Amino acid sequence: MEACPFCRIREGSVAAHLLYQDEEVLAFLDISPVTQGHTLVVPRRHAASLTSCPPGTIAALFLAAVRVAGAIQRALGAPGFNLGLNDGRAAGQEVPHVHVHVIPRYGGEGGGVQRMVQRRGPAPPLAETAAKILAAMRT
Ligand SMILES: [Zn+2]
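Note that the coordinates shown come from a computational prediction; the quantities given were computed from them, not determined experimentally.

Analysis parameters
Residues numbered from 1 in each chain as written. Predicted model: local features only at pLDDT ≥ 70, side-chain atom pairs only at ≥ 80, totals over all residues. Heavy atoms only, no water. Salt bridge = Lys/Arg side-chain N within 4 Å of Asp/Glu carboxyl O. Buried < 20%, exposed > 50% of the residue type's maximum accessible area, 1.4 Å probe, protein only. Donors = N, O, S within 2.8 Å, 3.2 Å for Na, K, Ca; no water. Tetrahedral: all angles 85-135°; square planar, octahedral: opposite > 155°, others 65-115°. Helix = DSSP H or I, 4+ residues; strand = E, 2+ residues; numbered from the N terminus.

Trainee: Just give me the short version of the pattern of salt bridges, but keep the residues and values in it.
Mentor: Within the structure shown, the criterion is met by two salt bridges. Across the pair glutamate 11 and arginine 10 runs a salt bridge, and its minimum N-O distance is 3.4 Å. Since its relative accessible area comes to 47%, glutamate 11 is described here as partly exposed.

Trainee: Please set out the coordination of the zinc ion residue by residue, giving values where relevant.
Mentor: Every protein donor of the zinc ion is listed here as Cys4 (SG), Cys7 (SG), His46 (ND1) and His97 (ND1), and their distances to the metal cover 2.0 to 2.3 Å. What the four donor atoms of the zinc ion show is an angle range of 104 to 119° at the metal, which sorts the shape as tetrahedral. Sequence spacing of the donor residues for the zinc ion, all on one chain, is C-x2-C-x38-H-x50-H. Pair noted here: histidine 46 is in the loop between strand 3 (39-43) and helix 2 (55-76) and histidine 97 is in the loop between strand 4 (80-84) and strand 5 (100-105), with a separation of 51 residues, a long-range link. The class for histidine 97 is buried, based on a relative accessible area of 0%.

As structure tokens, this is what we get:
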């Protein structure tokens, strides 16, 4: 998938500030950082959704994200970080190649992942919601 910017980074045809790589994943600085050190961790193999990635890739993605987050904290003095993953256009995914955002937090920026949805949707009873999800998990 030549047009995919993350595949182009993997191929080396687009420059990036690489921070980590292994057989499954790459991590590099986001070109439009929300905070200093904002990093993206992506699988080497192109996949639009996390749900289509093999378990080993998913594990590698999050292990690398945590490893990179720890290094960013030590290097830049960030006392906290957010991990974020926008899966699907409805969730705000802009590049259709799975990527985990590692966003260092320095304090005072405000917000957290619970605040990223700007308009709340309907809230049916929790038991009803849980029953639907549990039924889907059994299939
Ligand atoms: Zn790609």
